[in-house]
Amino acid sequence: MDFDNGKPIYLQIVDFFYENILIRKWQENERIPSVREVAVMVEVNPNTASRAFTHLQELEVIYNKRGIGYFVSEKGYHTVLEIKKKEFIGVRLPDMFKEMMLLDVEFEEVKNSYDQYVKNVSDEKK
Amino acid sequence: MIQIRGLGFQYPKGRTILNDISLDFTPGNIYGVFGENGEGKSTLIKLMAGLLFPKIGYCQISSQDISRRSIENLQEIFLVPEDFELPALSIDSFEKINAPFYPKFSRDQFYQLIQEFKLFPKEKLSALSFGQKKKVLIAFGIAANTNLLLMDEPTNGLDIPSKSQFRRIMASAVDQGKCIVISTHQVRDLHSLINHVVILGQSKVIFDQSFSSVSEKLWFGRPKQQMMDEVLYAEPTFGGRAVLKRENFEETEVDLELLFNAVVSNPDKINTVIKSTHYDAKA
């Protein structure tokens, strides 16, 4: 895994979990890799990996079955969706708006570009 | 597990290398020992391995002086040195001769690591390159499963893919019973593995903190204009990164290189901030 400089590694591991849950690679009530497996996978100290697990457990995205391992919660997917949506609207969009103002991009242009994108994606699916 | 108190060391007729060193090393952690050239990192590692004896103070493992070199203690310590000579033996003979000294040695683990490092048990050690020899020692050190594993510049001589392999192997090697101490200059190779930083300077310990307390108290990155008041140390280059008092800023990953430079340039300033307790983590 390539680490981005500023963000704490444990939060980057959390993002890696989010992604796997959002693309449905890890489904509800499915067992996910252990702390040690994740540590080896991303080449970090197991203490760091364990912090990511604790964080996700507190958010109720995953749960622990004693002696068996960690699983994606029943509402795991929805919780992640909410978290990432909030992050997108609260953090990513304002950044984009700032750039739009700076570059004098009209909302109409963005909308056209977005519609085109949606069209391309649905065409690809056919 | 390891307790060092008031330790001093100098080589015959030399200047003082280590002066009044006090440190604790506990299991379940990977310690990184840093310092500029000649600051006594390797000397400290050798003292912990029982290869050198303190002139004053002591270095103990499970409350016994390591310098007594008791069998009971030495079988629980393994050192991967920076420079070494290996005999003209095949890898498997080397294993057969040395493994019995370490009661928890795992042959399966050793040969699995040898294979992972793309080496063959029948290869002669003398025919291997420096990096390959180092891999044999690293594999042996991990498979020895000693309570204390000391490594002096372990990634020196390793090629690019082996460094990532090394990190994976180390990540799987830590467990709650093991204490790993790595001395290195290769900050980037080991950054994600270490969870405690020790920095030596002017023969003393000038920094000794866990990563979690560093990231709780310090902020690393490119500061915005309004953050300038909190700057503790900044790189002198244009757009350089800086170390700040974290206060209410979001947590950032510890930048070891920057931390090292900040500590070396002004240890008191950084230590005062880290030791300050008035800051409420939840604020």
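Cut-offs applied
By convention here, each chain's residues receive numbers from 1 onward along its written sequence. Ligands are numbered from 1 and chains lettered from A, in the order in which they are written. Predicted model: local features are reported for residues with pLDDT of at least 70 only, side-chain atom pairs are reported and counted for 80 or more only, and whole-chain, interface and lining totals are derived from all residues. Secondary structure follows DSSP: runs of H or I at least 4 residues long count as helices, runs of E at least 2 residues long count as strands, and numbering of each begins at the N terminus. Atoms considered for the radius of gyration are the C-alpha atoms alone. The globule rule reads 2.2 Å times the number of residues to the power 0.38. Whether a residue is buried, exposed or partly exposed follows from its count of other C-beta atoms within 10 Å of its own C-beta, namely 20 or more, 12 or fewer, or something in between, respectively; the C-beta atoms are built from the backbone. We call two residues in contact when their backbone-placed C-beta atoms lie within 7 Å. An automatic or database domain assignment supplies the start and end points of every domain. Note on residue categories: nonpolar means Ala, Val, Leu, Ile, Met, Phe, Trp, Tyr, Cys or Pro, charged means Asp, Glu, Lys or Arg, and polar means any other residue, Gly included. UniProt positions are given in the numbering used here, feature names are shortened, and annotations may be inferred rather than shown by experiment. Known as pLDDT, the predictor's per-residue confidence is scaled from 0 to 100. Where helices are involved, their axes are fitted lines through C-alpha atoms of the stretch in contact, as for all axes, and angles between N-to-C directions lie from 0 to 180°. Any angle that is under 35 degrees is reported as roughly parallel, and any over 145 degrees as roughly antiparallel; angles of 65 to 115 degrees are reported as roughly perpendicular and all others as oblique. Crossings are assigned a handedness: left-handed for a near helix turned anticlockwise from the far helix by less than a right angle, right-handed for a clockwise turn. At least two bridges found by DSSP between two strands are what make those strands a pair.

Draft legend 1. Inspection of the overall build of chain B at higher detail. Counting secondary structure elements, chain B contains 10 helices and 13 strands. Over its C-alpha trace chain B gives a radius of gyration of 20 Å, about what one expects of a compact globule, namely 19 Å for 283 residues. Seen through its C-alpha atoms, chain B measures out along the principal axes to roughly 65 × 40 × 35 Å. Here chain B holds 283 residues, and 38% of them are scored as buried. Across chain B, the fraction of contacts at a sequence separation of at least 24, relative to all contacts at a separation of at least 6, is 70%.

Draft legend 2. Inspection of the environment of N19 of chain B at higher detail. All names here are of chain B. Assignment of secondary structure puts N19 in strand β2 (residues 16-25). You can call N19 partly exposed: it has 18 C-beta atoms within 10 Å. Distance from N19 to K55, taken between C-alpha atoms, is 9.8 Å for residues 36 residues apart in sequence.

Draft legend 3. Region of the structure containing helix α2 (residues 35-42) of chain A. Among all positions of α2 of chain A, only V38, A39, V40 and V42 of chain A are buried. For α2 of chain A, the secondary structure elements touched by its buried residues are α1 (9-22) and α3 (46-58) of chain A together with α6 (160-173) of chain B. E43 of chain A sits one or two positions beyond α2 of chain A and adopts a positive phi of about 60°.

Draft legend 4. Inspection of the domain arrangement of chain B at higher detail. All names here are of chain B. What the domain assignment reports for chain B is domain 1 (28-46 + 69-206) and domain 2 (217-275). Between domain 1 and domain 2, the C-alpha centre-to-centre distance is 32 Å. In terms of residues, the side of domain 1 that touches domain 2 owes the most to one element, strand β9 (residues 196-201), which gives three residues.

Draft legend 5. Looking closely at the interface of chain B and chain A. Taken together, the contact pairs 16 residues of chain B with 14 residues of chain A. Of all the elements, α6 of chain B adds the most residues to the side of chain B that touches chain A, at five residues. Residue classes in the side of chain B that touches chain A are distributed as five nonpolar, seven polar and four charged.

Draft legend 6. Seen up close, the UniProt feature "domain: ABC transporter" (unreviewed entry) in chain B. UniProt's entry tags residues 2-227 of chain B with the feature "domain: ABC transporter" (unreviewed entry), counted in the numbering of this structure. Secondary structure content for residues 2-227 of chain B is 31% helix and 28% strand, and the end C-alpha separation is 40 Å.

Draft legend 7. How the structure looks around the confidence of the model for chain A. Mean pLDDT for chain A: 90, with 96% of residues reaching 70 or above. When pLDDT is averaged over each element of chain A, strand β2 (residues 69-72) of chain A comes out on top at 94 and helix α5 (residues 107-125) of chain A at the bottom at 90.

Draft legend 8. Expanded view of the packing of helix α4 (residues 107-116) of chain B against helix α5 (residues 130-143) of chain B. All names here are of chain B. α5 packs onto α4 with a crossing angle of 150° between their chain directions and a minimal axis gap of 8 Å. When the interaxial angle is binned, α4 and α5 end up roughly antiparallel. Classified by chirality, the crossing of α5 by α4 is right-handed. Residues Q109, F110, L113 and I114 of α4 form the contact with α5, whose own contacting residues are A139, F140, I142 and A143. The residue makeup of the contact of α4 with α5, split by class, is seven nonpolar, one polar and no charged.

Draft legend 9. Spatial organisation of the environment of F238 of chain B. Within the secondary structure, F238 of chain B is located in the loop between β12 (231-234) and β13 (242-245). Spatially, the C-alpha atom of F238 of chain B lies 23 Å from that of K269 of chain B, the residues being 31 residues apart in sequence.

Draft legend 10. Region of interest: the sheet that holds β12 of chain B. Residue and element names in this part refer to chain B. Strand order in this open sheet of three strands is β11-β13-β12, and the pairing throughout is antiparallel. Taken across any chain shown, the strands that pair with only one partner, and hence form the sheet edges, are β11 (218-221) and β12. With strand direction ignored, the average angle separating the axes of adjacent strands in the sheet is 20°. Across three bridges, β12 lies against β13 in antiparallel orientation. Bridge pairing in β13 places A234 opposite A242. Contacting β11, β12 and β13, helix α9 (residues 256-265) runs over the sheet at an angle of about 105° to β12.

Draft legend 11. The arrangement of unusual backbone geometry in detail. Residue and element names in this part refer to chain A. Of note in the backbone geometry, E43 takes a positive phi value of approximately 60° without being a glycine. Among the residues examined, E43 registers 21 C-beta atoms within 10 Å and is labelled buried. Its identity as a non-glycine residue notwithstanding, E60 has a phi of 60°, on the positive side. Its place among the elements puts E60 in the loop between α3 and β1 (62-65).

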